[in-house]
Amino acid sequence: MRRRSIQSTSAASSSSRHFDHPTNPHPRRTLDWVPIIWHRIRALLQVLVAVVLRKFWGSVPNRPGSTSNRESAEDDHNNTSMGDLDRLPTDVFVQVLKLLGPKEAARSGLVCKSWKVLVSDNRLWVFFLTHGKHPFDTVLFAETHLRSGPMLYFDHSQQISFMHIFAERAIVPGAIIVDGGSGYCKYGWSKYAAPSGRCATFLEFGNLESPVHSRLHHFFSTIYSRMQVRASSHPIIVSVPICYPEDTEAARASRRQLREAIYSVLFDMNAPAVCAIDQAVLALYAARRTSGIVVNIGFNVTSVVPILRGKVMHEVGIEVLALGALKLTGFLKELMQQRNINFQSLYTVRTIKEKLCYVASDYDAELHKDTKQSCEVASEGLFTLSKECFQTGEILFQPHIGGLYSMGLHQAVALCMNHCLAAEVATNDGWFKTVVLAGGTSCLPGLPERLEKELHKLLPPLISEGIKVIPPPYGTDSAWFGAKIISNVSTFCDAWCITKKQFRQNPRRISGD
């Protein structure tokens with residue numbers, strides 16, 4: 001036995017020297033043992049817990065359903081002594097539970113009362129959630145702000161059990177997410193890391209002269225077909241673009257009719273549950289906010305949308321600018337033609353815009369700098385731009401440069417903030433001072449900083465103090481990820497979705513106003 005120990009020590013020392021030696025020709029061989037050792041340690045711990053559980057359940061009389069059986073189980077749960085395991089330090093035991101994972105940790109809570117207390121500790125389940133599929137700050141936001149559904153009511157005096165939240169999130173069914181978009185639609189599974197496909201938006205899908213109901217049916221049928229899934233198998237979340245922004249009876253009726261058409265078509269296709277939410281609200285949720293102003297730079301127009309506690313404030317006013325991604329691409333095309341730069345298609349111009357264009361912090365100062373940059377476009381070669389790199393994005397703030405008659409982006413946001421302050425819809429005047437950017441064009445470098453700078457120059461200190469402009473948290477897919485956050489909240493099906501029966505009984509509940 002002693003000889004074996006000495007040999008083992010010697011082997012370990014030799015292995016250590018071999019691993020540390022800089023000339024080791026196979027440095028990864030030693031590291032290959034790490035997952036094997038980890039797997040064996042975890043297996044041993046699982047065996048330990050299994051033995052303990054067998055001991056616990058073995059002490060319960062085998063008379064299913066009898067009163068004595070339940071009383072005995074309760075007594076064992078409260079009073080069972082685990083022998084030497086009782087002397088295991090608490091911090092060591094918690095580390096063991098972390099190694100075992102959530103499933104085995106939950107089972108360990110059945111052994112005795114003291115173990116149950118440790119297993120139900122929020123810190124343990126925060127650890128499991130932190131090391132899960134979703135960032136913990138996103139999980140915390142969802143479970144503290146979105147659990148009650150669109151009304152966003154949460155009793156902050158109520159103690160949160162992350163153990164229960166973990167269990168509830170584990171059984172939330174996967175949902176199909178369809179982000180209507182403005183340039184193109186993104187769709188995919190809620191359990192996936194990103195959208196899996198793209199297509200035309202449902203507002204532009206199929207024959208535009210066809211009835212809305214027919215176009216929507218064609219649109220959703222195409223998505224279900226591409227995803228190779230039956231409509232009846234999963235809930236679906238649909239993001240609704242900002243349409244009919246005015247606060248009039250006609251606009252409210254149009255918004256309601258669009259939502260009713262979406263729900264009606266999906267229920268006719270046997271969708272088990274449907275959730276339709278405004279695209280701007282989802283972009284706000286993606287930034288882990290429930291109130292603020294969303295600036296959505298879409299394909300054709302830019303919308304400045306005030307949102308209070310998850311509700312679009314049509315009564316305050318939505319500012320719409322006839323200035324979108326297409327205008328910027330068209331302006332860059334003109335600038336390139338003025339310099340006799342040849343290109344094959346508008347797609348090439350858009351690619352160059354995405355690779356080279358940015359927003360200058362100080363436009364006049366940028367004109368005197370050397371801003372030459374180059375990029376390569378597949379099958380078309382190398383393109384070199386200079387002032388065009390920042391002149392393209394400048395029309396967001398000075399539309400007249402591009403021959404457009406419109407207020408600038410900063411002016412539209414400032415106007416919206418003034419309306420929010422004058423409306424007095426909340427006791428907290430700071431709810432509108434968070435500005436969240438959304439849409440592909442909002443990903444232009446320098447745009448958040450420039451917009452914040454212009455707002456501070458344009459607004460009085462009473463309003464401008466505390467303004468924060470947040471770049472799109474997930475780039476072009478912010479609304480899709482906002483829907484993903486909702487689809488994984490522990491109360492998703494009950495709090496956010498509407499079933500066919502509920503829709504038939506009360507269609508007005510889906511109006512969104």
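Residues numbered from 1 in each chain as written. Predicted model: local features only at pLDDT ≥ 70, side-chain atom pairs only at ≥ 80, totals over all residues. Heavy atoms only, no water.

## Looking at the overall build of the protein
Summing up its helical and strand segments, the protein has 23 helices and 13 strands in all. For the protein, buried positions account for 46% of its 513 residues. Long-range contacts, defined as pairs at least 24 residues apart, comprise 65% of the intrachain contacts of the protein with a sequence gap of at least 6. Accessible surface for the protein amounts to roughly 26,600 Å². Of this, 54% is attributable to carbon and sulfur atoms. (Helix = DSSP H or I, 4+ residues; strand = E, 2+ residues; numbered from the N terminus. Buried < 20%, exposed > 50% of the residue type's maximum accessible area, 1.4 Å probe, protein only. Contact = heavy atoms within 4.5 Å. Areas by Shrake-Rupley, 256 points an atom, 1.4 Å probe, with all protein chains shown as cover.)

## Observations concerning the confidence of the model for the protein
Chain-level statistics for the protein give a pLDDT mean of 82 and a share of 79% at 70 or above. Low pLDDT, under 50, characterises residues 1-28; the stretch is placed with six contacts to residues that sit more than four places away or in other chains. Here residues 59-79 scores under 50 on pLDDT; set against residues more than four positions off or in separate chains, the count is 24 contacts. (pLDDT = per-residue confidence, 0-100.)

## With respect to the packing of aromatic side chains
Applying the stated rule across the entire model yields 16 aromatic pairs. Residues Trp431 and Phe432 carry aromatic rings whose centres are separated by 5.7 Å and whose planes lie at 90° to one another, so their mutual orientation is edge-to-face. Here Tyr474 and Phe481 contribute two aromatic rings whose centre-to-centre distance is 4.2 Å and whose plane-to-plane angle is 10°, an arrangement assigned as stacked. A connected cluster of aromatic rings, assembled from ring pairs, spans Trp125, Phe127, Phe128 and Phe166. The ring of Phe127 carries the charged tip of Lys98 above its face, separated from the ring centre by 4.7 Å. Taking the ring centre of Phe397 as reference, the NZ or CZ of Arg450 above it sits at 4.5 Å. (Phe/Tyr/Trp six-rings, centres within 6.5 Å; stacked < 30°, edge-to-face > 60°. Lys NZ or Arg CZ within 6 Å of the ring centre and 35° of its normal.)

## Structural notes on the environment of Pro472
With respect to the element layout, Pro472 can be found in the loop between strand S13 (468-470) and helix H21 (478-487). On the accessibility criterion, Pro472 (12% relative accessible area) is buried. Here the alpha-carbon distance between Pro472 and Val294, two residues 178 residues apart in the chain, equals 9.9 Å.

## Description of the nonpolar core
The nonpolar side chains of a soluble globular protein tend to be buried, and buried together. In terms of nonpolar packing, the biggest core is built from 53 residues, with Ile293, Val295, Ile352, Met417, Leu451 and Leu455 touching the most fellow members. Ranked by residue count, the leading element in this core is helix H18 (residues 409-423), at seven residues. If sequence neighbours within four positions are ignored, Leu451 has contacts with Phe397, Leu409, His410, Val413, Val435, Leu437 and Val469. (Core = buried A, V, L, I, M, F, W, Y, C linked by side-chain atoms within 4.5 Å.)

## As for the packing of helix H14 (residues 325-338) against helix H15 (residues 346-356)
With their axes 9 Å apart at the nearest point, H14 and H15 run at an angle of 100° to one another. In terms of axis orientation, H14 runs roughly perpendicular to H15. Counted together, Ala325, Leu326, Leu328, Thr329, Leu332, Lys333 and Met336 of H14 and Leu346, Val349, Arg350, Ile352 and Lys353 of H15 form the full contact between these two elements. Partitioning the contact of H14 with H15 into residue classes produces eight nonpolar, one polar and three charged. (Axes fitted to C-alpha atoms, helices over the stretch in contact; angles between N-to-C directions. Parallel < 35°, antiparallel > 145°, perpendicular 65-115°, else oblique. Nonpolar A, V, L, I, M, F, W, Y, C, P; charged D, E, K, R; others polar.)

## Regarding unusual backbone geometry
A positive phi angle, near 50°, is found at Arg309, a position not held by glycine. If you trace the backbone, Arg309 turns up in the loop between strand S7 (302-308) and strand S8 (311-312). Judged by relative accessible area, Arg309 falls into the partly exposed class, the value being 48%.

## Digging into the pattern of salt bridges
In the structure shown here, the tally under the stated rule is 19 salt bridges. Across the pair Arg252 and Asp247 runs a salt bridge whose closest N-O atoms are separated by 2.7 Å. Residue classification places Asp247 among the partly exposed positions, given a relative accessible area of 37%. For Glu249, the salt bridge is made with Arg252, and the minimal N-O distance between the two is 2.8 Å. Pair noted here: Glu249 and Arg252 are both in helix H12 (residues 249-268), with a separation of three residues, about one helical turn. (Salt bridge = Lys/Arg side-chain N within 4 Å of Asp/Glu carboxyl O.)

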